[in-house]
Amino acid sequence: MWATVRLKPARVGILLMTEVLVGAASAVLLAGEFLTPVEIAGGAMVLGASLLEIWNPRRPGTISNR
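Let us look at the structure shown here. (Residues numbered from 1 in each chain as written. Predicted model: local features only at pLDDT ≥ 70, side-chain atom pairs only at ≥ 80, totals over all residues. Heavy atoms only, no water.)

Looking at the environment of Leu-21
- Structurally, Leu-21 is set in helix H1 (residues 9-31).
- Note on Leu-21: relative accessible area 22%, which makes it partly exposed.
- C-alpha of Leu-21 to C-alpha of Val-46: the two residues are 25 residues apart in sequence and 8.1 Å apart in space.
- Not counting residues up to four positions away in its chain, the partners in contact with Leu-21 are Gly-43, Val-46 and Leu-47. (Helix = DSSP H or I, 4+ residues; strand = E, 2+ residues; numbered from the N terminus. Buried < 20%, exposed > 50% of the residue type's maximum accessible area, 1.4 Å probe, protein only. Contact = heavy atoms within 4.5 Å.)

Concerning a nonpolar patch on the surface
- On the surface, Val-28, Leu-29, Leu-30, Leu-35 and Ile-40 cluster together into a nonpolar patch covering about 520 Å² of accessible area.
- Here the nonpolar patch gets 3 residues from one element, more than from any other, and that element is H1.
- The topology assignment puts Ile-40 in helix H2 (residues 37-54).
- For Ile-40, a relative accessible area of 48% corresponds to the partly exposed category. (Patch = residues over 30% accessible without salt bridge, like charges linked within 9 Å, V, L, I, M, F, W, Y side chains within 5 Å. Areas by Shrake-Rupley, 256 points an atom, 1.4 Å probe, with all protein chains shown as cover. Salt bridge = Lys/Arg side-chain N within 4 Å of Asp/Glu carboxyl O.)

Regarding H1
- Its 23 residues place the ends of H1 33 Å apart at the C-alpha level, agreeing with the 33 Å of an ideal helix rising 1.5 Å per residue.
- Looking at the packing, one finds that the buried side of H1 touches H2.
- Gly-32, located one to two residues past H1, shows a positive phi value of around 70°. (Expected span 1.5 Å × (residues − 1).)

With respect to the packing of H1 against H2
- Where H1 contacts H2, the two axes come as close as 10 Å, and the packing angle between them is 150°. Put simply, H1 runs roughly antiparallel to H2. Considering only the axes of H1 and H2, their crossing is left-handed. Between H1 and H2, the contacting residues are Ala-10, Arg-11, Ile-14, Met-17, Thr-18 and Leu-21 on the first element and Gly-43, Val-46, Leu-47, Ala-49, Ser-50, Glu-53 and Ile-54 on the second.
- Considering only residue class, the contact of H1 with H2 consists of 8 nonpolar, 3 polar and 2 charged. (Axes fitted to C-alpha atoms, helices over the stretch in contact; angles between N-to-C directions. Parallel < 35°, antiparallel > 145°, perpendicular 65-115°, else oblique. Left-handed = near helix turned anticlockwise from the far one by under 90°. Nonpolar A, V, L, I, M, F, W, Y, C, P; charged D, E, K, R; others polar.)

Written out as structure tokens, the structure is:
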């Protein structure tokens, strides 16, 4: 995992959590699986956390790799 040693730990955690989202989305699209409301809410929380990590108004220079 080349990128894990070069990114902040919070970003690595978010990146690894998005793997689950891609797996769930592909199961819905390719296998015809259904998501429960709890699973959809969990996916929304992961997406929300990733957006907060990328765009944080408390830090100067938002949307950057600093």
